[in-house]
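Single-letter residue listing:
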Amino acid sequence: MKIAEIKEMSTDELNSKVYELKQELLQLRFQHATGQLENGKKITEVRKSIARIYTVLKERELGLN
């Protein structure tokens, strides 16, 4: 996800998106452990998306935007 897309979302939408991404990350980790994962970079992309969302949420909490 791009940071511009994330900043356009509401706080509730971001919280639900974090939940979805964490579920996806769990599935990717299972696939990686069983040798079924074809693209290992997908795990990195999902982790970075989660971090970006948490960054935007923290900025909103502190009133930095």
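Residues numbered from 1 in each chain as written. Predicted model: local features only at pLDDT ≥ 70, side-chain atom pairs only at ≥ 80, totals over all residues. Heavy atoms only, no water.

(A) Spatial organisation of a positive patch on the surface. A surface patch of positive charge is lined by K2, K41, K48 and R52. Relative to the assigned elements, R52 resides in helix α3 (residues 41-62). Of the residues examined, R52 reaches a relative accessible area of 34% and is grouped as partly exposed. (Patch = residues over 30% accessible without salt bridge, like charges linked within 9 Å, V, L, I, M, F, W, Y side chains within 5 Å. Areas by Shrake-Rupley, 256 points an atom, 1.4 Å probe, with all protein chains shown as cover. Salt bridge = Lys/Arg side-chain N within 4 Å of Asp/Glu carboxyl O. Lys, Arg positive; Asp, Glu negative; His and termini not counted. Charge placed at Lys NZ, Arg CZ, Asp CG, Glu CD. Helix = DSSP H or I, 4+ residues; strand = E, 2+ residues; numbered from the N terminus. Buried < 20%, exposed > 50% of the residue type's maximum accessible area, 1.4 Å probe, protein only.)

(B) Representation of the pattern of salt bridges within the structure. Applying the stated criterion across every chain yields a total of three salt bridges. Close ionic contact of K17 with E20 constitutes a salt bridge, the shortest N to O distance being 3.9 Å. Taken together, the residues span about one helical turn, with K17 and E20 both in helix α2 (residues 11-34) at a distance of three residues. Given a relative accessible area of 23%, K17 falls into the partly exposed group. On the basis of relative accessible area, E20 is assigned to the partly exposed category, the value being 46%. Between K42 and E24 there is a salt bridge whose closest N-O contact spans 3.5 Å. Of this pair, K42 sits in helix α3 while E24 is found in helix α2, placing the two residues 18 residues apart along the sequence.

(C) Focus on the packing of α2 against α3. Closest axis-to-axis distance for the α2/α3 pair is 9 Å, and the angle between their directions is 155 degrees. Judged by the inter-axis angle, α2 sits roughly antiparallel to α3. Pair α2 / α3 crosses with left-handed handedness. Of the residues in α3, those in contact with T11, L14, N15, K17, V18, L21, K22, E24, L25, L28 and H32 of α2 are K42, I43, V46, R47, S49, I50, I53, Y54, V56, L57 and R60. The residue inventory of the contact of α2 with α3, partitioned by class, reads twelve nonpolar, four polar and six charged. (Axes fitted to C-alpha atoms, helices over the stretch in contact; angles between N-to-C directions. Parallel < 35°, antiparallel > 145°, perpendicular 65-115°, else oblique. Left-handed = near helix turned anticlockwise from the far one by under 90°. Contact = heavy atoms within 4.5 Å. Nonpolar A, V, L, I, M, F, W, Y, C, P; charged D, E, K, R; others polar.)

Note that every value here comes from positions in space, so none of it alone points to a role or purpose.
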